[in-house]
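Residue-level structural notes
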Amino acid sequence: MTIAVIAASIAVFSWKLLGYLVPEKYVSNPKFKQTADAITVGLLSALVGIQGFTSDGELTFDSRIPALLLAALLLYLRMPFIVVIATAAAFSAIIRMLI
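Conventions adopted
- Residues numbered from 1 in each chain as written.
- Predicted model: local features only at pLDDT ≥ 70, side-chain atom pairs only at ≥ 80, totals over all residues.
- Heavy atoms only, no water.
- Helix = DSSP H or I, 4+ residues; strand = E, 2+ residues; numbered from the N terminus.
- Buried < 20%, exposed > 50% of the residue type's maximum accessible area, 1.4 Å probe, protein only.
- Polar contact = N/O pair within 3.5 Å; in protein donor to acceptor, adjacent residues only side chain to side chain.
- Contact = heavy atoms within 4.5 Å.
- Expected span 1.5 Å × (residues − 1).
- Salt bridge = Lys/Arg side-chain N within 4 Å of Asp/Glu carboxyl O.
- Core = buried A, V, L, I, M, F, W, Y, C linked by side-chain atoms within 4.5 Å.
- Arc of directions from axis to C-beta.

Tracing the backbone through its elements, the reader meets S63 in the loop between β2 (58–59) and α4 (64–76). For S63, a relative accessible area of 2% corresponds to the buried category. A polar atom in the side chain of S63 sits 3.1 Å from the side chain of S92. Sequence-distant contacts of S63, that is, excluding residues within four places in its chain, are made with S92, I95 and R96.

Next up, the structure:
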C-alpha cells in the first residue's frame, strides 16, 4: 500500500511539472480554459457523489447528506471555505452522535 501511494504521488507530481512545460499559447486559449474548468467541475461532482452518497458500493443515507446540504447552503451564502468545512463536519458529528 505504501509503495502504491508513493508511486501515485510521484505520478501526480510529474504531471504537475509537465503542466509547466505546456506553451502559453495553448494555456491562454479560452476554449482550453473552458474545457479545463468543465473537467474540474465534473471530477469534483463525481467525487462528492461517490464519497457523499455511497458506502461499500451501495447508496446510503447517513449524516453526510445533511452535512453536504448545509455545506452547499453555506457556499451559496458565500461563507469562507474554512467555515463551511468546519460547520459541515461539526453538523455531521452531531448527527452521528444523535443517531
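Here the narrative resumes, following the displayed structure.
The next point concerns α4. An α-helical turn contains 3.6 residues, so a residue and the one three or four places further along point in the same direction. Between the first and last C-alpha of α4 there are 18 Å, a value that for 13 residues agrees with the 18 Å anticipated at 1.5 Å per step. Along α4, the positions that sit buried rather than exposed are I65, A67, L70, A71 and L74. Next to the buried residues of α4 lie α3 (30–53) and α5 (81–98).

A separate point is the pattern of salt bridges. Tallied over the full model, the rule gives one salt bridge. Taking the shortest distance from any N to any O, the salt bridge between R64 and D62 comes out at 3.1 Å. Overall, the relative accessible area of 25% leaves D62 in the partly exposed class.

Most often, soluble globular proteins have nonpolar side chains that are buried together. One finds A67, L70, A71, L74, V84 and A88 forming the largest nonpolar core, which totals six residues. Secondary-structure elements contributing two or more residues to this core are α4 and α5. Here A67 is in contact with A88, F91 and S92, once residues within four sequence places are set aside.

Here the focus is the side chain of S92. Residue position: S92 is located in helix α5. Judged by relative accessible area, S92 falls into the buried class, the value being 11%. Excluding residues that lie within four positions of it along the chain, S92 makes contacts with S63, R64 and A67.

An ideal rise of 1.5 Å per residue puts 26 Å on 18 residues; α5 measures up with 26 Å between its terminal C-alpha atoms. Inspection of α5 places V84, A88, S92 and I95 among the buried residues, and these make up the whole buried set. Along the axis of α5, the buried residues cluster in a sector spanning 65°; they form a single face. Exposed and oriented more than 90 degrees from the buried face of α5 are I82 and M97. Looking at the packing, one finds that the buried side of α5 touches α4.

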